[in-house]
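An overview of the molecular structure
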Amino acid sequence: DAGVTQSPTHLIKTRGQHVTLRCSPISGHKSVSWYQQVLGQGPQFIFQYYEKEERGRGNFPDRFSARQFPNYSSELNVNALLLGDSALYLCASSLEGLGFEQYFGPGTRLTVT
Amino acid sequence: GEDVEQSLFLSVREGDSSVINCTYTDSSSTYLYWYKQEPGAGLQLLTYIFSNMDMKQDQRLTVLLNKKDKHLSLRIADTQTGDSAIYFCAESMAGGYQKVTFGTGTKLQVIP
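If you're wondering where the values come from, they're calculated on a predicted model, not measured in any experiment. (Residues numbered from 1 in each chain as written. Chains lettered and ligands numbered in written order. Predicted model: local features only at pLDDT ≥ 70, side-chain atom pairs only at ≥ 80, totals over all residues. Heavy atoms only, no water.)

This part is about the overall build of chain A. Assigned secondary structure in chain A consists of 0 helices and 11 strands. Across chain A, helices and strands are ordered from the amino to the carboxyl terminus as β-β-β-β-β-β-β-β-β-β-β. Rg of the C-alpha trace for chain A: 13 Å, near the compact-globule value of 13 Å for 113 residues, within the 12% margin. The dimensions of chain A, computed from C-alpha atoms along their principal axes, are 35 × 25 × 25 Å. (Helix = DSSP H or I, 4+ residues; strand = E, 2+ residues; numbered from the N terminus. Rg over C-alpha atoms; globule rule 2.2 N^0.38 Å.)

Here is the structure:
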């Protein structure tokens, strides 16, 4: 079975631009969570979606938004990019929204110049 | 608030045991995890423990939890060069949504 997949692998954007990152969960998993990992730090929770509804949001500005589609894939959108948004963005999927076993994708490396 | 702290670096010789330590502040944490991250890769869930347990063993991995001191440790027996990676301690609560709070990570270097 395929694991969690994310696209693109790498991305370079300019300050002020918009970016969309994509995630496909493991087949059968209904929950997707997004994390931001800045170099040298642990991942920080951004959003969780379960059955297409937002279940939780971390301490991130409104420039960050996400959605989940009927096939449980998800998009993370970031508007008005700042240099500080440069990070590895990780997607994790789990079978149920309240389960404790999350499986992470390889991430999308975003560089903002 | 939630906070998870780890030492930044650990160096061990191949074949020795490694012990990575972590402290957390949220006494309502229900699940405690250890994740492994290799260079350029995502996170791999190594093991987890429920807060009502003291110890969990899984092959070469032993997790010890001291709930009173809010201290979690991961022991890797017979450490191999393939164990070189960054290890993250993390915690989450039951109910609500599945927010996992991670520590800053401990870089384990295994010397051949």
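Continuing now.
A few words now on the overall build of chain B. The helix and strand inventory of chain B stands at 0 helices and 11 strands. Reading chain B from its N end, one meets helices and strands in the order β-β-β-β-β-β-β-β-β-β-β. Its C-alpha atoms give chain B a radius of gyration of 14 Å, within 12% of the compact-globule value 13 Å for 112 residues. Along the first, second and third principal axes, the C-alpha atoms of chain B reach 45 × 30 × 20 Å. Within chain B, buried positions represent 45% of all 112 residues. (Buried < 20%, exposed > 50% of the residue type's maximum accessible area, 1.4 Å probe, protein only.)

Two cysteines form a disulfide when their sulfur atoms are joined by a covalent bond. Taken as a whole and assessed by the stated rule, the structure comprises 2 disulfides over all chains. A sulfur-sulfur distance of 1.8 Å marks the disulfide that ties C23 of chain A to C91 of chain A. Here the S-S torsion is close to -60°, and the disulfide linking C23 of chain A with C91 of chain A is therefore left-handed. Here the residue C23 of chain A occupies a position in strand β3 (residues 19-24), and C91 of chain A occupies one in strand β9 (residues 87-94), the gap between them amounting to 68 residues. Judged by its relative accessible area of 2%, C23 of chain A is buried. Across a sulfur-sulfur distance of 2.0 Å, C22 of chain B and C89 of chain B are joined as a disulfide pair. The S-S bond linking C22 of chain B to C89 of chain B shows a torsion near -60°; that makes this disulfide left-handed. Linking C22 of chain B in strand β3 (residues 18-24) with C89 of chain B in strand β9 (residues 85-92), this pair joins segments that are 67 residues apart in sequence. Residue classification places C22 of chain B among the buried positions, given a relative accessible area of 1%. (Disulfide = S-S within 2.5 Å.)

Our next topic: the pairing of strand β6 (residues 55-58) of chain B. In this structure, β6 of chain B lies alongside strand β7 (residues 61-66) of chain B, joined through 4 bridges in antiparallel fashion. Looking across to β7 of chain B, one finds that D58 of chain B is bridged to L61 of chain B. (Pairing = 2+ DSSP bridges.)

Right, let's talk about the packing of aromatic side chains for a bit. Counted by the stated rule, this structure contains 13 aromatic pairs over all chains. Here the aromatic rings of F88 of chain B and F102 of chain B are separated by 6.3 Å at their centres, their planes lie at 85°, and the arrangement is edge-to-face. Here the residue F88 of chain B occupies a position in strand β9, and F102 of chain B occupies one in strand β10 (residues 101-102), the gap between them amounting to 14 residues. Residue classification places F88 of chain B among the buried positions, given a relative accessible area of 1%. On the accessibility criterion, F102 of chain B (8% relative accessible area) is buried. Each member of the aromatic cluster is reached from another via a ring pair, and the members are Y35, F45 and F104 of chain A together with Y31, Y33, Y35, Y48, F50, F88 and F102 of chain B. A cation over an aromatic ring shows up here: K56 of chain B above the ring of Y48 of chain B, its NZ or CZ 3.8 Å from the ring centre. (Phe/Tyr/Trp six-rings, centres within 6.5 Å; stacked < 30°, edge-to-face > 60°. Lys NZ or Arg CZ within 6 Å of the ring centre and 35° of its normal.)

Taken together, the contact between chain A and chain B spans 26 residues of the former and 20 residues of the latter. Counting the surface lost from both chain A and chain B, the interface buries some 1,700 Å², and carbon and sulfur atoms represent 57% of this. Counting the contacts that link chain A with chain B gives 0 salt bridges. For the interface between chain A and chain B, the tally reads 2 residue pairs in polar contact (both at pLDDT 80 or more). At 4 residues, the largest contribution of residues to the side of chain A that touches chain B is made by strand β4 (residues 31-37) of chain A. (Contact = heavy atoms within 4.5 Å. Buried area = accessible area lost by both parts, 1.4 Å probe. Salt bridge = Lys/Arg side-chain N within 4 Å of Asp/Glu carboxyl O. Polar contact = N/O pair within 3.5 Å; in protein donor to acceptor, adjacent residues only side chain to side chain.)

Here we take up the sheet that holds β3 of chain A. All names here are of chain A. As summarised here, the arrangement of the 4 strands in space is β1-β3-β8-β7, forming an open sheet in which the pairing is antiparallel. Lying at the two open borders of the sheet, with one neighbouring strand each, are β1 (5-7) and β7 (64-68). Sheet twist, expressed as the mean angle between neighbouring strand axes with direction ignored, is 15°. (Axes fitted to C-alpha atoms, helices over the stretch in contact; angles between N-to-C directions.)

Without other data, these values stay purely geometric and don't point to any function.
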